[in-house]
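# Commentary on secondary and tertiary structure
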Amino acid sequence: MSTYNPYENVKTTIRNAAGKLGLEESDYIISLYPERELKVSFPVRMDNGSVRVFEGYRVQHSSARGPSKGGIRFHQDTDENEVKALAAWMTFKCAVVGIPYGGAKGGVTVDPFTLSRAELERVTRRFAAMITPIIGPERDIPAPDVNTNAEMMGWIMDTYSMLKGYAVPGVVTGKPIDIGGSLGRTEATGRGVSIITQEILKKLNMPIEKTRVVVQGMGNVGSISAKLINELGATIIGVGDVSSCLYKESGLDMSDILRFLSAKKGNLLKDYEQNGAKRITNEELLTLETDVLIPAALENQINAENAANIKAKVIIEAANGPTTVEADTILDSKNIIVVPDILANAGGVVVSYFEWVQNLQSFMWEEDEVNQKLAVKMCKAFDAVYGMHTEKKATLRTSAYMIALQKLVAAYKIRGIFP
Ligand code: NAD
């Protein structure tokens, strides 16, 4: 059994950044602990009449800079440490891109692919009811993450609204447009990844038209990142999902892959064929000879075991926590540049923030406006992190944490300690 604990990873990263900033432990110690953790167990009636009990979590890491914010994940391996780490990453992500939120995350330990649609709805609604006492548009605002989507956010919005007795669109983001979702939210994380990819390639003088890219994960984030980066001129030479991976040196036809994956819910790469595309393993995918590697699946993908074999020049972390602390050291020694998750995948929470603002104003923005404002936020955050990296000779990850930690520590100081 693995001893990997993503929350320990987060704490090490925070301490590294604090050390580089010359902070006293008392300045930032609050950030090493989640503010509030809720564990829930709840029964759900299955289609065959039996009753199953599910376990879930909602962790609020910080509300120092505003209401806490973060997605909900449905996955069979989800546990408390994973949700705690994901919540902390949200705090630092919101700080680095300068949106007025703290961080939170939720998760239910379930493989949603084993549930019928009706069962999935009952699990989602009951989980929403269980966490209702601690969420709300002014407290903590969930959103989609791995294996959750807009439709499920709609069920959460409805459940919360029914319990309150009036419609509360601002309680979740990533909702369907018809009930207050924002244009551009579904694509936002991938769009942000594509913007950050463009920015880092510019800094490295690597023309995007000559760049080979590998993407692990073909869900919301991976597929849209691959699509947009491909449209910018890069060649996608490898892609993978939980079922299988494909490699084609001359470049995969991404439109065809995405058409297949989106044609039917549950479509996976194992059932897809493309002329000239070779089937490879996940390990082979991650260690392909490529310019850019984009992990867009889960945590702990680039670790002490495989980091030495990574051949990419640049890693753009579209997933949360795909690289362990040990792997970071190895990658750094090989001069592989890692653009950290809290910057690279922040596009999702930025547009979630725009959605929440639109809900509070009861006013809807045009998609162009959303995308433009997203680009401004992402480029500004990238410039700040890159500036810190150049000035302090720190990795991009440490630099991003330094910027976020400065903002967090400023909030702790200004607010003081209650009572
Ligand atoms: P998703 O459920 O839409 O897709 C996940 C993808 O990863 C699927 O293609 C799945 O097959 C693949 N996958 C799962 N397990 C795998 C494994 N063991 N090996 C290889 N591939 C595997 O999820 P998503 O929303 O695209 O999220 C992906 C990552 O991006 C997560 O780390 C998530 O926390 C992060 N993220 C998501 C958002 C968002 O807006 N959805 C925002 C920021 C960060």
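The text that follows walks through the structure, step by step, so that each part is easy to find. (Residues numbered from 1 in each chain as written. Predicted model: local features only at pLDDT ≥ 70, side-chain atom pairs only at ≥ 80, totals over all residues. Heavy atoms only, no water.)

What follows is about unusual backbone geometry. In the segment running from Phe418 into Pro419, the intervening peptide bond is cis, with an omega of 5°. Relative to the helices and strands, Pro419 resides in the segment after helix H14 (396–415). Located in the positive-phi region is Asn205, a residue other than glycine, with phi close to 55°. By secondary structure assignment, the location of Asn205 is in the loop between helix H6 (185–203) and strand S7 (212–216). Given a relative accessible area of 69%, Asn205 falls into the exposed group. (Helix = DSSP H or I, 4+ residues; strand = E, 2+ residues; numbered from the N terminus. Buried < 20%, exposed > 50% of the residue type's maximum accessible area, 1.4 Å probe, protein only.)

Moving on: the packing of aromatic side chains. The description of an aromatic ring pair rests on the distance of the ring centres and on the angle between the ring planes. In total, this model carries ten aromatic pairs according to the counting rule given. Above the plane of the ring of Tyr7 lies Lys84, whose end atom (NZ or CZ) is 4.7 Å from the centre. Taking NZ or CZ as reference, Lys373 lies 4.7 Å from the ring centre of Trp365, over its face. (Phe/Tyr/Trp six-rings, centres within 6.5 Å; stacked < 30°, edge-to-face > 60°. Lys NZ or Arg CZ within 6 Å of the ring centre and 35° of its normal.)

Moving on, we come to the site of the ligand. Around the ligand, a shell composed of 22 residues is seen, among which Asp145, Asn147, Thr189, Val221 and Asn320 lie nearest. Taking Arg73, its side chain carries an N or O atom lying 3.0 Å from an oxygen atom of the ligand. Across the complex, the protein chains shield 86% of the 820 Å² of accessible surface that the ligand would expose by itself. Elements represented by at least two residues in the shell around the ligand include exactly H6 and helix H7 (220–231). For the shell around the ligand, the residue count by class is ten nonpolar, eight polar and four charged. (Near = heavy atom within 4 Å. Polar contact = N/O pair within 3.5 Å; in protein donor to acceptor, adjacent residues only side chain to side chain. Areas by Shrake-Rupley, 256 points an atom, 1.4 Å probe, with all protein chains shown as cover. Nonpolar A, V, L, I, M, F, W, Y, C, P; charged D, E, K, R; others polar.)

Those residues of helix H8 (residues 254–263) lying buried are Met254, Ile257, Leu258 and Leu261. Viewed end-on, H8 has its buried residues packed into an arc of 95°, placing them on one side of the element. Looking at H8, the residues exposed on the side facing more than 90 degrees away from the buried face are Arg259 and Ala263. Where H8 is buried, its residues meet H7 and strand S8 (235–240). Structurally, the start of H8 carries an N-cap: the backbone nitrogen of Ser255 is 3.2 Å from a side-chain oxygen of Asp253. (Arc of directions from axis to C-beta. Contact = heavy atoms within 4.5 Å.)

Take the pairing of S7 next. For S7, the buried fraction is high: four of the five residues fall into the buried class. Taken together, the five bridges between S7 and S8 define a ladder with parallel strand orientation. Residue pairing across strands places Val214 opposite Gly238, the latter belonging to S8. For the segment spanning S7, H7 and S8, crossover handedness is right-handed. For S7 and strand S11 (residues 292–295), the ladder comprises four bridges, and the chain directions are parallel. Paired with Val215 across the bridge in S11 is Ile294. (Pairing = 2+ DSSP bridges. Right-handed = clockwise from strand over helix to strand, strands pointing away.)

We now examine the sheet that holds strand S2 (residues 51–62). Pairing in this open sheet of four strands is mixed, and the strands run S1-S2-S5-S4 from one edge to the other. Every interior strand has two partners, whereas the edge strands, strand S1 (36–45) and strand S4 (72–75), have only one. Put simply, the sheet's adjacent strands are angled 20° from each other on average, direction ignored. Here six bridges tie S2 to strand S5 (residues 103–109), and the two strands are oriented antiparallel to one another. Considered in S5, the bridge of Ser62 is made with Gly103. (Axes fitted to C-alpha atoms, helices over the stretch in contact; angles between N-to-C directions.)

This part covers the pattern of salt bridges. Applying the stated rule across the entire model yields 27 salt bridges. Here Glu273 makes a salt bridge to Arg279, at a shortest N to O gap of 3.8 Å. For Glu273, a relative accessible area of 64% translates into the label exposed. Two residues, Arg397 and Glu317, come together in a salt bridge whose shortest N-O distance is 2.9 Å. With Arg397 in helix H14 and Glu317 in the loop between strand S12 (314–316) and helix H10 (325–333), the pair connects residues that are 80 residues apart, well separated along the chain. In this structure Arg397 comes out as buried when scored by relative accessible area, which is 9%. On the basis of relative accessible area, Glu317 is assigned to the buried category, the value being 0%. Through salt bridges with shared partners, a single ionic network connects Arg73, Glu82, Lys105, Asp145 and Glu299. (Salt bridge = Lys/Arg side-chain N within 4 Å of Asp/Glu carboxyl O.)

A few words now on the environment of Phe418. Residue position: Phe418 is located in the segment after H14. The exposure class of Phe418 is exposed, given its relative accessible area of 78%. Once the C-alpha coordinates of Phe418 and Val385 are considered, the two residues, 33 residues apart in sequence, prove to be 32 Å apart.

The next thing to look at is the sheet that holds strand S13 (residues 337–339). Across a sheet, strands are paired by hydrogen bonds formed along the backbone, either parallel or antiparallel in direction. Taking strand neighbours across the sheet as the criterion, the seven strands line up as S10-S9-S8-S7-S11-S12-S13 in an open arrangement whose pairing is mixed. The open sheet has two edge strands, strand S10 (278–280) and S13, and neither has a second partner. For this sheet, the mean angle separating the axes of adjacent strands, direction not counted, is 25°. With three bridges connecting them, strand S9 (residues 245–247) and S10 associate as antiparallel partners. Counted as the bridge partner of Tyr247 is Lys278 from S10.

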